[in-house]
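# Examining the three-dimensional arrangement
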Amino acid sequence: MKNQDLAKAILDHIGKEENIKNLTHCVTRLRFTLKDRKKADVKYIEQLEGVLGVQEQNGQFQVIVGSKVTKVYQALTALTAFNDEEKETGPKEKKSFLSNLLETISSILIPSLPPIIGGGMIKGFLFMFWEFGWIEWGSNLFNLLNIVSDGMFYFYPFLLAVSAAKRFKTNPYMALAVAGSMMHPTMYEGINAGLESFQVFGFISVPYLDYNASVIPIILSVWILSYVYRFFEKHIPDIISVIFTPMLSLVIIIPVSLVMICPLGFYIGEYLAEGVQALISFSPIIAGFVIGFLRPLTVLTGTHHAVRAIVSQQLATYGFTTIGAMNYMSTMAQAAAPLAIYLILRKRNEKMKNISLSAAISGFLGVTEPGLYGIIVKYKVAMIATMIGGGIGAAICAAFNGAEYAMVMSSLITIPATFGEGFMGIAIGLPVSIAVTMAIIFLLKNKLIEEDGSVNIKEVQAIVKPTITASMDDKVISVYSPVNGSFTDVKELPDDTFAQEKMGKTIAFHSEEDVIYAPVDGEVTALFPTLHAIGIRSSEGVDILLHIGIDTVNLNGAFFTSEVQLGDTVTKGTALIRFDQAKIKEENYNSDVIMIITNANQYLDLFVKDKEHAVSAGQEIMNIIC
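Note that the structure is predicted; figures quoted are calculated from it, not measured.

### Points about the overall build of the protein chain
Along the backbone of the protein chain there are 22 helices and 20 strands. Out of the 626 residues in the protein chain, the part that is buried amounts to 51%. Surface exposure of the protein chain reaches about 29,000 Å², of which carbon and sulfur atoms provide 58%.

Below is the structure:
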């Protein structure tokens, strides 16, 4: 069945467009929020060619179509006027202020990543070619490539204005107008003339500030614009609203932005610079940690510009800069974080795999914006690791008086700019920054994976086209019930490891017999001495752990008898272990049978079939898409 035909069939039997409240998709599933669940013909949809299954979870009606999900989704949206960018799917989850803040910033930054990633890669290679002497600084070719790679960074407020307007549900062209005022030629004329500000009415000061590549000022301005614009839309009569709503909004928001909102980061930066200078005078090591630790936040808020003045002053006075070297350590930490995320998520999230790898490469070449805006801000684990890794590396660097002897873009290829007295600080601090950052992320791997599961994948899909195409055939592996009995709720198991599925996709059963059977054809790869658990690798490579009861390891094998040996080849339905449920319960142990797919992260998707009914040993209960 063609994707267009499949999309139409699903749409027709889900209650048509008017029954769809929200729609998005992940790697393998179309995710609907329906107005009336009863209008969906589940049995019809399940039997459609190309549909692998239907699931209902967390208020969503999920149609599993495998790796061609993007094509089917596009066909669906072509048949409807539905726009999933403006709505969120599923029930709203109560989140902390910090989580909401990071989510908001991330949702604004991510849509702007394509030009940032592209420009960052070009800029990184451009400076590498210059460092190696392959291209002359200021040559026509250099200038052309610099324009190609720098435009999106210089005019970054314009890119963010559009995505911020979508996030805050306001007019994107009004938001662009605000960005234009921030970067108006008048502002740069004042900057180039060395002026600090100009006065309005004799007492209102408008500072001449450079907002190129800034992030927070435009986001705050558009956020306030959204309230101002909605206020006038609501209170001005429709017949004149088209004229006066935008006029009054601009008259209010642009002066407020230029006088109060946008300069806020500058003034914070000035105080930050004074604090940094005081810290350096007090203790270079403490200063190093603080500078390296706060660097990602200062870049996000734009307050890092103020520290550049100290860097320039150090170079002019001493011929080297210690702060530049401290920032260098943070730069390497910001490159290491995407690399660690690539290694962890490369088999879980195809889109993030591509983004994180390119961000790591550009980061090590000195361009950290793709990694910071697209990855580090998205994952709290990555932000924490980057700040700690950069802080420790910078503290070590400061302890050995590490320094940069030129104003360079910190990267692996600009290490020669740090040769000199104190180079030991660079030699130790740089690998420590990388190692600590990656080690923290790996230690908190489970938390990262949990965070990744909550990320709205549609934001990422706009950045990198899927490498899995609809022309590929999905291979579906079946797993069968290991018991005669019924399903039990995994979340109610009295053990967090199982209840939270920390070891992999988990299913729990109540067995009506005192025996478990092989759920697949394969080989016994693990048999615990206490016989309470057994591992099987299927002939297709699925690793399955069958665990009888909770904490039954403490029974030391009592009440368990194995029917197989380690290394035995088994077929589906082979008796594996017999156990005495009555005696296990008499010892006050839970006797549920737990089945875990321990290598679940290697597959596109796993889903359990109808969990409402009793199951028989050998009955198909799970499909794995690979």
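Resuming the write-up.
### A few points about the pairing of strand S18 (residues 605–608)
Alternating positions in S18 separate into two faces, Asp-605 and Phe-607 on one and Leu-606 and Val-608 on the other, with burial throughout. Taken together, the four bridges between S18 and strand S20 (residues 620–625) define a ladder with antiparallel strand orientation. Considered in S20, the bridge of Phe-607 is made with Asn-623.

### With respect to a nonpolar patch on the surface
A surface patch of nonpolar side chains, amounting to about 930 Å² of accessible area, comprises Ile-239, Ile-240, Val-242, Ile-243, Phe-244, Met-247, Val-251, Ile-252, Val-256 and Met-260. Within the fold, Val-256 resides in helix H11 (residues 238–282).

### A word on the sheet that holds S20
Spatial ordering of the open sheet is given by S7-S20-S18, a layout of three strands whose pairing is antiparallel. The sheet is open, and its two edges are formed by strand S7 (476–480) and S18, each paired on a single side. With strand direction ignored, the average angle separating the axes of adjacent strands in the sheet is 20 degrees.

### Focus: unusual backbone geometry
Of all residues except glycine, most have a negative phi; of all peptide bonds, most are trans. Phi is positive for Lys-16, which is not a glycine, with a value near 65 degrees. Structurally, Lys-16 can be placed in the loop between helix H1 (3–12) and strand S1 (20–25). Exposure remark for Lys-16: the relative accessible area of 39% places this residue in the partly exposed category. If you check the backbone angles, Asn-588 has positive phi at about 65 degrees while not being a glycine. Looking at where Asn-588 falls in the secondary structure, it is placed in the loop between helix H22 (581–586) and strand S17 (593–597). With a relative accessible area of 72%, Asn-588 lands in the exposed category.

### Examining the packing of aromatic side chains
One pass over the structure, following the stated rule, counts 12 aromatic pairs. Ring centres of Trp-223 and Tyr-227 lie 5.8 Å apart, and the angle between their planes is 85 degrees; this geometry places the pair in the edge-to-face category. Here the residue Trp-223 and the residue Tyr-227 both occupy positions in helix H10 (residues 216–235), the gap between them amounting to four residues, near one helical turn. Of note, Arg-230 hangs over the ring of Tyr-227, and the distance from its end group to the ring centre comes to 5.3 Å.

### Some points on the sheet that holds strand S10 (residues 515–517)
Here three strands make up an open sheet; going across it, the order is S10-S16-S14 and the pairing antiparallel. Single-partner strands in this sheet number two, and they are S10 and strand S14 (560–562). Across this sheet, the average inter-strand angle for adjacent strands is 20 degrees, counted without regard to direction. Bridge count between S14 and strand S16 (residues 575–579): three bridges; the pairing is antiparallel. Across the sheet, the residue bridging to Ser-562 is Ile-577, located in S16.

### With respect to the nonpolar core
Counting residues in each nonpolar core, the largest one holds 84 residues, and the members touching the most others are Leu-109, Val-215, Ile-218, Ile-341, Tyr-373, Tyr-379 and Ile-441. The leading source of residues in this core is helix H14 (residues 322–345), at 13 residues. If you count residues domain by domain, this core takes at least three from each of domain 2 (101–120 + 134–278) and domain 3 (320–464). If you look at the next biggest cluster of nonpolar residues, it comprises 36 residues, including Val-483, Ile-534, Leu-576 and Val-608.

### Focus: the environment of Asn-192
Tracing the chain through its elements places Asn-192 in helix H9 (residues 185–192). Exposure remark for Asn-192: the relative accessible area of 67% places this residue in the exposed category.

### A word on the side chain of Ser-226
Here Ser-226 shows up in helix H10. Discounting chain neighbours no more than four positions away, the residues touching Ser-226 are Phe-168 and Thr-170.

### Concerning the pattern of salt bridges
The full count for this structure, using the stated rule, is four salt bridges. Among the ionic pairs, Asp-12 bridges to Lys-16, the shortest N-O distance being 3.1 Å. The salt bridge involving Arg-537 is made with Asp-543; its shortest N-O contact spans 2.6 Å. Overall, Arg-537 belongs to the partly exposed group, its relative accessible area being 43%. Residue class for Asp-543 comes out buried when judged on its relative accessible area of 16%.

### Let's talk about the side chain of Ser-163
Note that Ser-163 resides in helix H7 (residues 156–167). Classification of Ser-163 by relative accessible area gives buried; the value is 7%. Residues contacting Ser-163, with those up to four places away along its chain left out, are Ile-108 and Pro-111.

### Notes on H9
One turn of an α-helix holds 3.6 residues; hence residues three or four places apart share an orientation. For H9, the full list of buried residues reads Met-187, Tyr-188 and Gly-190. Taken around the axis of H9, the buried residues stretch over an arc of 155 degrees, which confines them to a single face. Of the exposed residues in H9, those oriented more than 90 degrees away from the buried face are Glu-189 and Asn-192. The secondary structure elements touched by the buried residues of H9 are helix H6 (140–154), helix H8 (172–182) and strand S6 (204–207). One or two positions beyond H9, positive phi appears at Gly-194, with a value near 80 degrees.

### Some thoughts on the packing of H7 against H8
Where H7 meets H8, the closest approach of the two axes is 8 Å, and the angle between their N-to-C directions is 150 degrees. Relative to H8, the element H7 is oriented roughly antiparallel. Crossing hand, H7 versus H8: right-handed. Mapping the contact onto sequence places Pro-157, Phe-158, Ala-161, Val-162 and Ala-165 in H7 and Pro-172, Ala-175, Leu-176, Ala-179 and Gly-180 in H8. Of the residues in the contact of H7 with H8, the class split is nine nonpolar, one polar and no charged.

### Observations concerning H1
Every buried residue of H1 is accounted for by Asn-3, Leu-6, Ala-7, Ala-9, Ile-10 and Leu-11. Residues of H1 that are buried sit in contact with S1, strand S2 (29–34), helix H2 (42–46), strand S4 (60–64) and helix H3 (69–79).

### Brief notes about the environment of Lys-68
Its place among the elements puts Lys-68 in the loop between S4 and H3. Exposure remark for Lys-68: the relative accessible area of 14% places this residue in the buried category.

### Here we look at the confidence of the model for the protein chain
Counting all residues, the mean pLDDT for the protein chain is 83, and 86% of those residues have values of 70 or more. Confidence drops under pLDDT 50 across residues 83–93; counting only partners more than four residues distant or on other chains, this segment forms 22 contacts.

### Looking at the environment of Gly-390
Residue placement: Gly-390 occurs in helix H17 (residues 380–399). Judged by its relative accessible area of 0%, Gly-390 falls in the buried class. Sequence separation between Gly-390 and Met-332 is 58 residues; the distance between their C-alpha atoms is 7.5 Å. Residue contacts for Gly-390: discarding those within four places in its chain leaves Gly-292, Phe-293, Met-329, Ser-330, Ala-333, Ser-433 and Thr-437.

Rules behind the numbers
- Residues numbered from 1 in each chain as written.
- Predicted model: local features only at pLDDT ≥ 70, side-chain atom pairs only at ≥ 80, totals over all residues.
- Heavy atoms only, no water.
- Helix = DSSP H or I, 4+ residues; strand = E, 2+ residues; numbered from the N terminus.
- Buried < 20%, exposed > 50% of the residue type's maximum accessible area, 1.4 Å probe, protein only.
- Areas by Shrake-Rupley, 256 points an atom, 1.4 Å probe, with all protein chains shown as cover.
- Pairing = 2+ DSSP bridges.
- Patch = residues over 30% accessible without salt bridge, like charges linked within 9 Å, V, L, I, M, F, W, Y side chains within 5 Å.
- Salt bridge = Lys/Arg side-chain N within 4 Å of Asp/Glu carboxyl O.
- Axes fitted to C-alpha atoms, helices over the stretch in contact; angles between N-to-C directions.
- Phe/Tyr/Trp six-rings, centres within 6.5 Å; stacked < 30°, edge-to-face > 60°.
- Lys NZ or Arg CZ within 6 Å of the ring centre and 35° of its normal.
- Core = buried A, V, L, I, M, F, W, Y, C linked by side-chain atoms within 4.5 Å.
- Domains from an automatic or database assignment.
- Contact = heavy atoms within 4.5 Å.
- Arc of directions from axis to C-beta.
- Parallel < 35°, antiparallel > 145°, perpendicular 65-115°, else oblique.
- Left-handed = near helix turned anticlockwise from the far one by under 90°.
- Nonpolar A, V, L, I, M, F, W, Y, C, P; charged D, E, K, R; others polar.
- pLDDT = per-residue confidence, 0-100.

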